[in-house]
Each structure stands twice: as C-alpha cells, then as structure tokens.
Amino acid sequence: MTCPIDQAAVIGGGVIGGGWVARFLLSGVNVALHDPNPDARRTVEAMLDNARRAHQRLVDTPPVTEGVLTFHDSVEEAVAGASYIQENVPERLEIKHDVIAKIEAGAAADALIGSSTSGFKPSELQANMQHPERLVVAHPFNPVYLVPLVEVVGSDVNTAATTERVSQILAGLSMHPLVVRREIEAHIADRLLEAVWREGLWLIHDDIATTQEIDDAIRYGFGLRWAQMGLFETYRIAGGEAGMKHFIEQFGPALAWPWTKLMDVPEMTDELAQKIADQSDAQSGQYSIRELERIRDDNLVGILQALKSRRWGAGETLARWEEEHCPSQGNPSDDIDTAQPLALYQTRVKDDWIDYNGHMTEHRYLQVFGDSTDAFLAYIGMDKAYLESGHSVYTVESHLRHTAEVGVGAVIFVTTRVLGCDAKRVRILHEMTDEDGQVLATAEHMLLHVNTNTSRACPFLPQLAERLAALAPGQSNLEAPAYAGAGIRMIGWANKEVV
C-alpha cells in the first residue's frame, strides 16, 4: 500500500530521527524536521545521501517522487499541519514529556504521534498528555531507511483503531509493523537483543572472546539463519522431521545447565568499557562511520534482494512495496492505448549494473527485457493461477540490439508491441528508451505457449487468447520497424567476404 499521508513531522534528527526522515522522504512523504542541534542539517543530509544510494540499489522500480524536507526552529512549528509525528529525542523521560507537551500544543487535533523509544512503555510517555490516546510507541531499528521492522505498542487508553491507523501509515513506508500485544519495558526485539548483549559483555569481561570474535560467531553462524527465519523456525528445523517438540525434548534439559549469566550483569567499570572500546577499535577502526554505514547498507541490500526474489521474510515486504509503487507494470489498465506500443515497464539503472566501461552491462539488458516480457505476460493475463494450472510460455528465440549507452541512475522505459501471434505463439518487440525518448536498445522475442507438465507446445487458454485477440486491432495496425525480424550477419575471417 502507498502511504496514506503526505505530511509528517520528525522531532529529533539523530541516527534514528534522520533514518525516519529518509524513510518518509523516499516514500514520497513531505517531512518537517526540528532538531536544536546546529549540526543537524549537515548530519541529516549526509544520512540522506547514504539512504538514497542504498534505496537506489535496493528497489527495482522507478523512483517515487521524493518528499520535500523542511527545517524548523521549534517543535510547534514543525508539527503544524502534520498528519503523523515521530518523536526521537533522548531516552530520558523528563525530556520526552517536555517535547510531547510541545507536540500536543502545536499539532492538529487528529494528528497521531509515534515515539521511537526503545525502552519506555507508552503509558509512561502518555502520563501528562491531554489526549494520551493519540500516542503510541513506534520503535524502529537502525538503519530505519532499510530495516523494515517497527514495533507498534499501545497502552490501555489506545484503541485498536489507533494502532491500526498507525500500522497503515508505517506499512505505507514499506515497513513491517509488529503490534505488541501488551506493553512491556523494551518491547520485544530489544529484550532479545539485550540478552545477547549481556552474554557478550560477560564473554569480554572474562576474556573468553573479543568483540570481533563475538561478532564473527553471529555473522558467520546463527545470524545468517536468524536473518531469514528468526529463532523458533530455525529451531523447528533443528528438530528434524519430528519438528519443534523433538527439539525441545532433546535440548530442553540444557536450560537448567549453568551456561548463562543472564541473571547477573558485569559491572560496567572504566576498565571494562576501555577494553570493549580498544577491541572495537582494533576490529573496525580502519573504517570511518560513514564507510561502515555504506558497508552495512550494501550488505543489507544484498540480503533483502535475495529474500525478495523468494518473497520470504523481510523480502516479502520489499516485493509488495515494489508492486504497489509501480502498479502499471504488467497490470491491465484502461489508460493504456492498445493502438500504440504498450507502456508496461520502467526502472532505474543501479550502480551495480555498470561494467568496467561505465555503462550498463549486457546481462542487465537481458534482465530488463526479461522483466518487460513478464510485465507483458501479466498484462495479457498470465497470473499465478494460470501458471499453477500448468501453463506458461517459453522464449524460443531472441534478438537484441544495443543502440546507445546507458549510465548509472538513468530512468529507462520499455514499450512492447505485438508483431504477431497464432494459437500457440506470440512475437513481441521491446524498445528501451530514456526520459528524452532516445532508443537505447531493442529486443525481439518469439514466445511459445507450453504445457509445463509435458513441456510440449499447446494452444493458449481462453484467458490469454482473448486478451491477445483484443490487442490485435490496434497492434496489427502498427508499422513494424525496419530492423524487426533481422538476424545477426555471420562474419568470416579478415580475408573472407561477409557471408
């Protein structure tokens, strides 16, 4: 779903607040920001640079028109006119109460308020409010512009309609709202993280492991499983064919063994703090914070893209966002003129699509044209149910032409025309153009309809046959380009003629 609001306010522009700014802007929502730090503008704009870079690598759809960011000198000025307000001030209750009072003084009566607090319960934040029912906890995770999870926590004064409305707004930002059933300190995720953090502190305190060794244990081991299955689904698999019950029976007794110090916490002495800092410097001190952010973002983009292709976990959220933010791609529409080449697909060239010559590499052309074919097939009715019926099309012949260079960041458009079809085949021609209409490349494909259970050609089912027939009057009147149907000339050796 697209975000149901067009104006948000962000109070506090630090690491979390700046991430919220980026998340809103990149979803097309205008943001009014207040942060008293004189350096806030510089740090937020630096984060936005990283967020734009990551977002360009992450999504395969054309960019949403970015929202407008404005800076304001007071809380009251920033929240005026905002439908949703996100508070991100330091984790001190007296500071939050003061800021929330200012938000209430300046906000519209129907504006909703979310707090990024990682520890306080919503009832604690609502204590001095005139209208406490409008505030909930909306706790995100860093980097906010990439990690989709956001914990939504209400108190007894919040209605289900309020938490649902907040969830709809956050889902419109391509986030995954997790509504916590009952308020509790530190919510869900941070309580789990705190358990691992406490164990890590003891391992360093007792000289069992360094910061790098602990991080290696996570990122090379169970962190990979947690990233896409979480805790309990991972353990369900560990139980083998007998499942979770067998896992608990096998490993449950270990819970009584003296493996953990979770009931105790090492005193955070100056010595322990310095040990952790020194080890962290040895581990990562060769990188600046901005470099680490980009390394982190690139890794997250890769994981999310891999999960997206399988519609699994956080990747399902990304896949759904792309479909909702480029609804024209492959969807039948009355706005499409079937007497013209069909405008069904567009995308943007990402930086990892570029080769050593600084241009889009060959296999990315194939990817774009393949996606364009998928958009065409969706347009004529090849949906999930059609595929599950045991029918699809196979590409049996292709011819590509490269006519102009394409650089990073370019928005490219693909139109598709039907050159001909019969009971089992359809011949299509894609033209890739830039924003000025210059033709960048073309691809001609012959598609054969098949029964996937037998891998044999068969006639189109009525669903597709009728759509193709409806396209025929307009598409058959289009003049085929001179290059259509041309093959690649075979070239002999230098002392031979062209054959």
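All figures in this text were calculated on a predicted structure; none of them were measured in a lab.

Asker: Would you explain the overall build of the protein in this entry?
Answerer: Of regular secondary structure, the protein possesses 16 helices and 14 strands. C-alpha extents for the protein along the principal axes are approximately 85 × 55 × 50 Å. The buried share of the protein, reckoned over its 499 residues, is 42%. Within the protein, counting contacts between residues at least 6 apart in sequence, those at least 24 apart form 71% of the total. Summed over its atoms, the accessible surface of the protein is roughly 26,500 Å², and 54% of this surface lies on carbon and sulfur atoms. Side-chain charges in the protein split into 42 positive and 70 negative, and the spacing between the mean points of these groups amounts to 5 Å.

Asker: What exactly am I supposed to notice about the nonpolar core here?
Answerer: Proteins that are soluble and globular tend to have nonpolar side chains buried together. If you look at the biggest cluster of nonpolar residues, it comprises 38 residues, and the most contacted ones within it are Ile-5, Trp-20, Phe-24, Tyr-84, Leu-170 and Leu-173. In this view, Leu-170 contacts Trp-20, Tyr-84, Ala-138, Val-150, Val-152, Met-175 and Pro-177; residues no more than four positions away in its chain are not counted. In terms of nonpolar packing, the next biggest core, distinct from the first, is built from 34 residues, Ile-336, Leu-344, Ala-404 and Phe-460 among them.

Asker: Explanation requested: the sheet that holds strand S4 (residues 84-87) in the structure shown.
Answerer: The strands making up a sheet associate through backbone hydrogen bonding, with each pair oriented either parallel or antiparallel. If you trace the 8 strands from one edge of the open sheet to the other, you get S3-S2-S1-S4-S5-S6-S7-S8, paired in mixed fashion. Both edges of this open sheet fall to strand S3 (69-72) and strand S8 (176-179), since each of them pairs with a single strand only. When the angles between neighbouring strand axes are averaged without regard to direction, this sheet yields 25°. Bridge count between strand S6 (residues 135-139) and strand S7 (residues 149-153): 3 bridges; the pairing is antiparallel. By the bridge assignment for S7, Ala-138 is matched with Val-152. Packed onto the sheet, helix H1 (residues 15-26) meets strand S1 (7-11), strand S2 (30-34), S3, S4, S6 and S7 and runs at close to 170° relative to S1. Here helix H6 (residues 160-171) sits on the sheet and contacts S4, strand S5 (112-115), S6, S7 and S8; the angle it forms with S7, its principal contact strand, is near 165°.

Asker: I would appreciate a short explanation of the environment of Gly-172 in the present structure.
Answerer: For Gly-172, the location among the structural elements is in the loop between H6 and S8. Here Gly-172 falls in the buried class, since its relative accessible area comes to 0%. Expressed as a C-alpha distance, the spacing of Gly-172 and Pro-4, which sit 168 residues apart in the sequence, is 6.7 Å.

Asker: I'm lost on the state of the cysteines in this one. Help?
Answerer: Two cysteines, two sulfur atoms, one covalent bond between them: this is a disulfide. This structure, assessed with the given rule, holds 0 disulfides. The cysteine Cys-421 is free of any disulfide, with Cys-458 supplying the nearest cysteine sulfur at 15 Å.

Asker: Help me understand the pattern of salt bridges, please; the structure alone is not making it clear to me.
Answerer: A pair can form between side chains of opposite charge whenever their charged atoms are brought close. Across all of its chains, the model carries 23 salt bridges by this definition. Through salt bridges with shared partners, one network takes in Arg-53, Arg-57, Asp-298 and Asp-351.

Asker: Help me understand the packing of helix H2 (residues 40-58) against helix H12 (residues 289-309) in this model?
Answerer: Helix packing for two helices is described by the angle between their axes and how far apart those axes are. As a packed pair, H2 and H12 sit with axes 9 Å apart at the nearest point and diverge in direction by 25°. Judged by the inter-axis angle, H2 sits roughly parallel to H12. As H2 packs across H12, the resulting crossing turns out to be right-handed. Touching Thr-43, Ala-46, Asn-50, Arg-53, Ala-54, Arg-57 and Leu-58 of H2 are Arg-290, Glu-293, Arg-294, Asp-297, Asp-298, Val-301, Leu-304 and Gln-305, all from H12. In terms of residue class, the contact of H2 with H12 is built from 5 nonpolar, 3 polar and 7 charged.

Asker: Even after reading the chapter, I still don't get the environment of Glu-323, so can you show me in this structure?
Answerer: On the secondary structure map, Glu-323 appears in helix H13 (residues 314-325). According to the relative accessible area criterion, Glu-323 is partly exposed, its value standing at 46%.

Asker: Help me understand the pairing of S7, please; the structure alone is not making it clear to me.
Answerer: Within a regular strand, side chains alternate between the sheet's two faces. In terms of burial, S7 is a largely internal element, 4 of the 5 residues being buried. Crossover handedness for the path S7 to H6 to S8: right-handed.

Asker: When you look at H1 in this model, what are you seeing that I'm missing?
Answerer: Residues spaced three or four apart along an α-helix point in a common direction, a consequence of the helix completing one turn every 3.6 residues. In this model H1 runs 17 Å from its N-terminal to its C-terminal C-alpha over 12 residues, within 8% of the 16 Å that 1.5 Å per residue would give. When you tally the buried positions in H1, you get 10 out of 12 residues, the bulk of the element. Within two residues after H1, Gly-28 carries a phi angle of roughly 85°, on the positive side.

Asker: Even after reading the chapter, I still don't get the side chain of His-445, so can you show me in this structure?
Answerer: Its place among the elements puts His-445 in strand S13 (residues 439-451). Side-chain polar atoms of His-445 contact the side chain of Ser-398, separated by 2.7 Å. In contact with His-445, not counting residues within four places along its chain, are Phe-369, Thr-373, Thr-395, Glu-397, Ser-398, Leu-400, Val-426, Arg-427, Ile-428 and His-430.

Asker: Just checking my understanding: could you explain the packing of helix H7 (residues 189-205) against helix H8 (residues 211-229) for this structure?
Answerer: Two elements in contact, H7 and H8, have axes separated by 10 Å at closest approach and are oriented at 145°. Our pair here, H7 against H8, has a crossing hand that is right-handed. In this structure, H7 contributes Val-196, Gly-200, Leu-203 and Ile-204 to the contact, and H8 contributes Thr-211, Ile-214, Ile-218 and Trp-226. Of the residues belonging to the contact of H7 with H8, the class tally is 6 nonpolar, 2 polar and no charged.

Asker: Which parts of the structure should I look at to understand a nonpolar patch on the surface?
Answerer: A contiguous nonpolar patch, built from Val-196, Trp-226, Leu-231, Phe-232 and Tyr-235 and spanning about 470 Å² of accessible area, is present on the exposed surface. Considering the arrangement of structural elements, one finds Val-196 in helix H7.

Asker: Can you help me understand the pairing of S5 in this one?
Answerer: Side chains of S5 alternate between two faces, with Leu-112 and Gly-114 and Ile-113 and Ser-115 buried alike. Of the pairings in the sheet, the one linking S4 to S5 comprises 4 bridges and is parallel in character. When the bridges of S5 are listed, Tyr-84 appears paired with Leu-112. Handedness of the crossover joining S4 and S5 through helix H4 (residues 93-106): right-handed. Here S5 runs beside S6; their pairing, made up of 3 bridges, is parallel. Residue pairing across strands places Ile-113 opposite Leu-135, the latter belonging to S6.

Cut-offs used in this document
- Residues numbered from 1 in each chain as written.
- Predicted model: local features only at pLDDT ≥ 70, side-chain atom pairs only at ≥ 80, totals over all residues.
- Heavy atoms only, no water.
- Helix = DSSP H or I, 4+ residues; strand = E, 2+ residues; numbered from the N terminus.
- Buried < 20%, exposed > 50% of the residue type's maximum accessible area, 1.4 Å probe, protein only.
- Contact = heavy atoms within 4.5 Å.
- Areas by Shrake-Rupley, 256 points an atom, 1.4 Å probe, with all protein chains shown as cover.
- Lys, Arg positive; Asp, Glu negative; His and termini not counted.
- Charge placed at Lys NZ, Arg CZ, Asp CG, Glu CD.
- Core = buried A, V, L, I, M, F, W, Y, C linked by side-chain atoms within 4.5 Å.
- Pairing = 2+ DSSP bridges.
- Axes fitted to C-alpha atoms, helices over the stretch in contact; angles between N-to-C directions.
- Disulfide = S-S within 2.5 Å.
- Salt bridge = Lys/Arg side-chain N within 4 Å of Asp/Glu carboxyl O.
- Parallel < 35°, antiparallel > 145°, perpendicular 65-115°, else oblique.
- Left-handed = near helix turned anticlockwise from the far one by under 90°.
- Nonpolar A, V, L, I, M, F, W, Y, C, P; charged D, E, K, R; others polar.
- Right-handed = clockwise from strand over helix to strand, strands pointing away.
- Expected span 1.5 Å × (residues − 1).
- Polar contact = N/O pair within 3.5 Å; in protein donor to acceptor, adjacent residues only side chain to side chain.
- Patch = residues over 30% accessible without salt bridge, like charges linked within 9 Å, V, L, I, M, F, W, Y side chains within 5 Å.

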